[in-house]
Amino acid sequence: MAKLGVKIEVNCVIGKIETVDELLTEYDAVFLGLGAGLPQFMGIPGENLSGVYSANEYLTRSNLMKAYLFPQYDTPIARGKNVAVFGAGNVAMDSARTALRLGADTVRIVYRRSREEMPARIEEIHHAEEEGSSSIF
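From a predicted model like this one, the values you see are computed outputs, not experimental measurements.

Colleague: Explain the sheet that holds strand β1 (residues 82–86) to me, and be specific about the residues and the numbers.
Modeller: Strands in a sheet are paired, the pairing made by backbone hydrogen bonds, and the direction either parallel or antiparallel. Taken in spatial order, the three strands of this open sheet run β1-β2-β3, and their pairing is parallel. Here the strands that pair on one side only, and so sit at the sheet edges, are β1 and β3 (134–136). For this sheet, the mean inter-axis angle between neighbouring strands, taken without regard to orientation, is 30°. In terms of strand pairing, strand β2 (residues 106–110) meets β3 through three bridges, oriented parallel. Along β3, the bridge assignment pairs valine 110 with isoleucine 136. Relative to β2, helix α3 (residues 90–101) is tilted by about 165°, and along the sheet it contacts β1 and β2.

Colleague: Could you give an account of the layout of surface pockets, with specific residues and numbers?
Modeller: Empty space within the largest pocket amounts to approximately 1300 Å³. Lining of the largest pocket is provided by 40 residues; of these, Tyr53, Ser54, Ala55, Val85 and Phe86 occupy positions nearest its centre. Those elements that provide at least two residues to the lining of the largest pocket are α2 (55–64), β1 and α3. Counting residues per element, the lining of the largest pocket draws most heavily on α3, at five residues. Looking at the lining of the largest pocket, its residues break down into 25 nonpolar, 11 polar and four charged. Taken as a whole, the second largest pocket holds about 740 Å³ of empty space. Forming the walls of the second largest pocket are 22 residues, and the residues nearest its centre are Lys7, Glu9, Val30, Phe31 and Leu32. Grouping the constituent residues of the lining of the second largest pocket by class yields 15 nonpolar, three polar and four charged.

Colleague: Give me the lowdown on the packing of α3 against helix α4 (residues 122–131), citing residues and values where you can.
Modeller: Two elements in contact, α3 and α4, have axes whose closest approach is 9 Å; the angle formed by their N-to-C orientations is 20°. With respect to α4, the axis of α3 lies roughly parallel. In the packing of α3 onto α4, the handedness of the crossing is left-handed. From α3, Asn90, Met93, Asp94, Arg97, Leu100 and Arg101 reach across to α4, where they touch Glu124, Ile125, His127, Ala128 and Glu131. The residue makeup of the contact of α3 with α4, split by class, is four nonpolar, two polar and five charged.

Colleague: Explain the pairing of β1 to me, and be specific about the residues and the numbers.
Modeller: Every regular strand shows the same layout, with side chains that alternate between the two sheet faces. By the alternation rule, side chains of β1 split into Val83 and Val85, which are all buried, and Asn82, Ala84 and Phe86, of which none is buried. Summarising the sheet, β1 and β2 pair through five bridges and their orientation is parallel. Counted as the bridge partner of valine 85 is isoleucine 109 from β2. Viewed along the sheet, the connection from β1 through α3 into β2 turns out right-handed.

Quick notes on the rules
For every chain, the first residue of its written sequence is number 1, and the numbers climb from 1 along that sequence. Totals for whole chains, interfaces and linings use all residues, but because this is a predicted model, local features are given only for residues with pLDDT of at least 70 and pairs of side-chain atoms are given and counted only at 80 or more. Hydrogens are left out, water is left out, and the side-chain values use all remaining heavy atoms of the structure. Pairing between two strands is assigned when DSSP locates at least 2 bridges connecting them. Where helices and strands are cited, they refer to DSSP runs of H or I of at least four residues and of E of at least two residues respectively, numbered from the N terminus. Comment: axis = line fitted to C-alpha atoms, over the contacting stretch for helices; angle = value between 0 and 180 degrees taken between N-to-C directions. Only heavy atoms matter for contacts: two residues are in contact if any of them lie within 4.5 Å across the pair. Only protein atoms enter the 1 Å grid used here, on which a cavity is any set of points holding a 1.4 Å probe that cannot leave and a pocket is any open set flanked by protein within 12 Å on both sides along at least five of seven lines; residues with an atom within 4 Å of a point are listed as lining. Grid points are joined across faces, edges and corners, and a volume is the space filled by probe spheres set on the points. Basically, the charged four are Asp, Glu, Lys and Arg, the nonpolar ten are Ala, Val, Leu, Ile, Met, Phe, Trp, Tyr, Cys and Pro, and anything else, Gly included, counts as polar. Oblique is the label for any angle not under 35 degrees, not over 145, and not in the 65 to 115 range, which are roughly parallel, roughly antiparallel and roughly perpendicular in turn. With the far helix as reference, a near helix turned anticlockwise by less than a right angle produces a left-handed crossing, and one turned clockwise produces a right-handed crossing. Each residue is placed in one exposure class: buried if its accessible area under a 1.4 Å probe, protein chains only, is under 20% of its type's maximum, exposed if it is over 50%, and partly exposed if it falls in between. Note on handedness: a clockwise path from strand one over the helix to strand two, with the strands aimed away from the viewer, defines a right-handed crossover.

Here's what the structure looks like:
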């Protein structure tokens, strides 16, 4: 891409160094590869217990570190039979589906608002339900 004239900048803090609007005055297009971001914890008792994961850790262990092939790969992961996923965004739907694929009997998506207010794309919600997740509001 660099040979095609693309300028690649890494480790930049967009919004503090330059805004997207400022970049667009200098460039024809801007691509932001932000990654998954930091996990958000709820600050409730038990969230740091063994077997409780942030979605980032859970999905990284499951997918990238191949925990689904343990002990062939040295990445253990707790495999619960009854799993609760707190939140209702796209990453929560991915986590619910992954738990089902890792052998959970039930996966419940716990969300503080109504189904209509879930931030996940409707397709993601549909796929999670199709694979066996249920919701609690």
